[in-house]
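Descriptive structure summary
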Amino acid sequence: MKILAFKLSTIFLIPICLAILYIVRVKYRVRIALLNVNRIGHLAINTEVTLREIRSKALHPERACKERVILVAPSLPYHNASNSQLIKMFSRHKNVYKSWFFYRFISVWYKFLLKTPFFFLTSHAMDGREYKWFNDIEPTIEFNLDEIDKGNSVLNKIGIGSNKYVCIFQRDSNFLRTKESKGQEDRNCRDANINTMIPSIKYLIEKGYYVIRVGAHAEKKVSYKNKMFIDYPFTKYLSDFNDIYFIANSSFLVGATSGICDVATLFDVPRLVVNSIPFGHSTIGKKTMFIPKKLSKKGSIVPFFDKHTKSLIEEFSCDVVKKKGYNYIDNTEDEILDAVKDFIQYLSFDGILESDYLADMNIYFNSYLNNTLYDSVKVPLCPSWYYDNYKLYYDA
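Residues numbered from 1 in each chain as written. Predicted model: local features only at pLDDT ≥ 70, side-chain atom pairs only at ≥ 80, totals over all residues. Heavy atoms only, no water.

With that settled, consider the overall build of the protein chain. Assigned secondary structure in the protein chain consists of 18 helices and 12 strands. Computed over its C-alpha atoms, the radius of gyration of the protein chain comes to 22 Å, within 12% of the 21 Å expected for a compact globule of 396 residues. In terms of overall dimensions, the protein chain has a C-alpha envelope of 65 × 50 × 45 Å along the principal axes. The buried share of the protein chain, reckoned over its 396 residues, is 54%. In the protein chain, once contacts between residues fewer than 6 apart in sequence are set aside, the share between residues at least 24 apart is 72%. (Helix = DSSP H or I, 4+ residues; strand = E, 2+ residues; numbered from the N terminus. Rg over C-alpha atoms; globule rule 2.2 N^0.38 Å. Buried < 20%, exposed > 50% of the residue type's maximum accessible area, 1.4 Å probe, protein only. Contact = heavy atoms within 4.5 Å.)

Shown next, in the form of structure tokens:
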């Protein structure tokens, strides 16, 4: 009833707003979108894709048109905000306008407004164009001095101080089950057991890193204790601010294809993606590697080169995969540990692949990923995974 009453009370504004936009269109092409604030991954990546596209065009004025992009953010507090700190930081950007009224006004009329030439939905295609933006252009938001002091103070309180640390994450369905109060069967193939990260946690600590497990509403604690390991979801320090600050200032992140991990991509933090699905999908950020989940059918592992299997390379729906008779197999402890070792070596060479392996990956990029969504997304597989599972990709 409240939404209906708001629509009825604002309907007269529709022709006025559109008339103004058509007048302005004589000089500028105006494009307006809402920040997608309901999910942290959509908030982080969809918004950053739009802002990096704007910056990309600004870097090439000879190709730029007379375009003005406006992203509308809600005033805080907002009842359905996935992360208030990210909204606050994006709201400081010159292309983002914060307003409770206009966010609500556009929200209730969005379906209609999207039919006009002025409004659009922020999106994330995960394609080569976005890969180029995230590898060529710096992040569009940053912490201010007060926020840096606040974040460093919390790092001191949890015992890390100025020491190097890594963030880890494995997805479970409890966060969205808690947030949305409904089953998550169509997404649960993206889940994995956090305890499969324990050997990697131990290895990272041996290498001198502190380790922070990130995420909120986690289903269970990690079955491991060490003074250099912080199971953050179960501490008193859990907050929207710390969610962002911890990841943005980490040495790198090891985690699944999930929204909270996209914060690393947003801030150009190196990212190792494990338990990735679909099996061709990684992410688009700088200094990234990945290992996917394997697929099985009738109890047997199936090769990725099979034409029926490869048809699922862009399929994010767990239900569709299951209906076709396939099941995902989580990465093992050893696969994740080997990937972590590969990634640390990769970072030690500043994200540059050894020449022989670069040649192997170029074959993978130009042959296996050719004519897929991920064509031109040159994120390498971890060497240990690729060499152990080479026969999954090529019928040799």
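As a further point, take the environment of Cys 189. Residue position: Cys 189 is located in the loop between helix H9 (174–180) and helix H10 (198–206). A relative accessible area of 11% means that Cys 189 is categorised as buried. In this structure the C-alpha to C-alpha distance between Cys 189 and Asp 319, which are 130 residues apart in sequence, comes to 8.8 Å. Leave out the neighbours within four places in its chain, and Cys 189 touches Ile 277, Lys 293, Cys 318 and Tyr 328.

Turning to the nonpolar core, a few remarks are in order. Judged by nonpolar contacts, the single largest core of 130 residues is most densely connected at Ile 212, Phe 267 and Tyr 364. When sequence neighbours within four positions are dropped, the list of residues in contact with Tyr 364 reads Gly 280, Phe 290, Leu 369, Leu 381, Tyr 393 and Tyr 394. (Core = buried A, V, L, I, M, F, W, Y, C linked by side-chain atoms within 4.5 Å.)

Once that is clear, we can look at the state of the cysteines. Taken as a whole and judged by the stated rule, the model has 1 disulfide. A sulfur-sulfur distance of 2.0 Å marks the disulfide that ties Cys 189 to Cys 318. Between Cys 189 and Cys 318, the S-S torsion sits near -80 degrees, and that sign places the bridge as left-handed. Here Cys 189 is found in the loop between H9 and H10, whereas its partner Cys 318 is found in helix H14 (residues 318–323), with 129 residues between them in sequence. Judged on exposure class, the residue Cys 189 and its partner Cys 318 are both buried. There is no disulfide at Cys 167, and the cysteine sulfur nearest it, in Cys 261, is 9.3 Å away. (Disulfide = S-S within 2.5 Å.)

In this structure, Pro 77 follows Leu 76 across a cis peptide bond, with omega equal to 0 degrees. Here Asn 275, not a glycine, exhibits a phi torsion of approximately 55 degrees, which is positive. On the secondary structure map, Asn 275 appears in strand S8 (residues 271–276). Judged by relative accessible area, which is 0%, Asn 275 ranks as buried. Not every positive phi belongs to a glycine, and Asn 371 is a case in point at roughly 65 degrees. Assessed through its relative accessible area of 69%, Asn 371 is described here as exposed.

Here the focus is the packing of aromatic side chains. By the definition in use, this model includes 30 aromatic pairs. Summarising the aromatic geometry, the rings of Phe 6 and Trp 100 are spaced 6.3 Å apart at their centres and angled 80 degrees between planes, so their arrangement reads as edge-to-face. Here Phe 6, found in helix H1 (residues 2–10), pairs with Trp 100, found in helix H5 (residues 100–108); they are 94 residues apart in sequence, far enough to count as distant. Overall, Phe 6 belongs to the buried group, its relative accessible area being 11%. Through a chain of ring-to-ring contacts, the aromatic side chains of Phe 279, Phe 304, Tyr 357, Tyr 364, Phe 365, Tyr 368, Tyr 386, Tyr 387, Tyr 390, Tyr 393 and Tyr 394 assemble into a single cluster. Across the ring face of Phe 120, the terminal group of Arg 31 is positioned such that the distance to the ring centre comes to 4.0 Å. Lying across the ring of Phe 241, Lys 150 places its NZ or CZ 4.4 Å from the centre. (Phe/Tyr/Trp six-rings, centres within 6.5 Å; stacked < 30°, edge-to-face > 60°. Lys NZ or Arg CZ within 6 Å of the ring centre and 35° of its normal.)

For the pair H10 and helix H15 (residues 333–348), interaxial distance at closest approach is 8 Å and the crossing angle is 30 degrees. On the basis of their axis angle, the class for H10 and H15 is roughly parallel. As for how H10 packs across H15, the hand of that crossing is right-handed. Note on element contacts: H15 touches H10 through Glu 333, Ile 336, Leu 337, Val 340, Lys 341 and Ile 344, opposite Pro 199, Ser 200, Tyr 203 and Leu 204. In terms of residue class, the contact of H10 with H15 is made up of 7 nonpolar, 1 polar and 2 charged. (Axes fitted to C-alpha atoms, helices over the stretch in contact; angles between N-to-C directions. Parallel < 35°, antiparallel > 145°, perpendicular 65-115°, else oblique. Left-handed = near helix turned anticlockwise from the far one by under 90°. Nonpolar A, V, L, I, M, F, W, Y, C, P; charged D, E, K, R; others polar.)

The values reported here are purely geometric and, on their own, carry no functional implication.
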